[in-house]
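Structural features, examined
Single-letter residue listing:
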Amino acid sequence: MAKEKNIYLKLFLSTFYLSAFTFGGGYVIVPLMKKKFVEDLKWIDEKEMLDLVAIGQSAPGLIAVNTSILVGYQVAGIKGAMCSISGTVLPPLITITIVSFFYNILKENIFVNSALQGMQSGVAAVICYAVYKMAKDVLKEKRIEPLIIMIIAFVSAYFFKVNVALVIIIAALYGVVKK
């Protein structure tokens, strides 16, 4: 029983820490979740994590929150999902609540604006890294079909401005029909 409670606490603290010290949204936190739950804790394997990220991305809502729910559920069922979602949403909730009290003072502050601009560059780099890692994982399989799907999805979304949700749904349907 103590071990069971420990997993819930570890899920909560892990997602709380990741959420509290990650700036830039879901595409930034997802690779960190992968490192924590796949590489460090070894609770799930890499392919399973990629599947959970794909589901989290295609479901309505925020990718970090959706993926956190899925990871928590996969590791420890409903209670695990509740622990991981609590850990994921509490830091931004606390931060936004505090910032909202001081918004009028902070919105004109040159130091705050400069810091936010600097963070944008860092966030862009982390997102590029996440895309690189996910693409590398697809290429690692050395199968042509996932590569073609990845290229078509990118071209559709980037050049033809097809809604990303539609691209994901079509790719998912293709995967279901193919099987």
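Of all residues in the protein chain, 96% have pLDDT values of 70 or greater, and the mean over the chain is 87. Here helix 5 (residues 110-140) stands out as the element of the protein chain with the lowest mean pLDDT, 83, in contrast to helix 4 (residues 63-106), whose mean of 91 is the highest.

Under the 1.5 Å per step criterion, the end-to-end length of helix 3 (residues 46-58) is 18 Å for 13 residues, consistent within 8% with the ideal 18 Å. Listing the buried residues of helix 3 in full gives Met49, Leu52, Val53 and Gly56. The buried residues of helix 3 occupy an angular sector of 100° when projected down its axis, which confines them to one face. Those residues of helix 3 hidden inside the fold are in contact with helix 2 (26-40), helix 4 and helix 5.

Quick look at the environment of Ile168 now. In this structure, Ile168 sits in helix 7 (residues 164-178). Ile168 sits 109 residues away from Ala59 along the chain, and the two C-alpha atoms are 9.6 Å apart. Not counting the four nearest positions on each side in its chain, Ile168 is found in contact with Gln57 and Ser58.

What counts and how
Residues numbered from 1 in each chain as written. Predicted model: local features only at pLDDT ≥ 70, side-chain atom pairs only at ≥ 80, totals over all residues. Heavy atoms only, no water. pLDDT = per-residue confidence, 0-100. Helix = DSSP H or I, 4+ residues; strand = E, 2+ residues; numbered from the N terminus. Expected span 1.5 Å × (residues − 1). Buried < 20%, exposed > 50% of the residue type's maximum accessible area, 1.4 Å probe, protein only. Arc of directions from axis to C-beta. Contact = heavy atoms within 4.5 Å.

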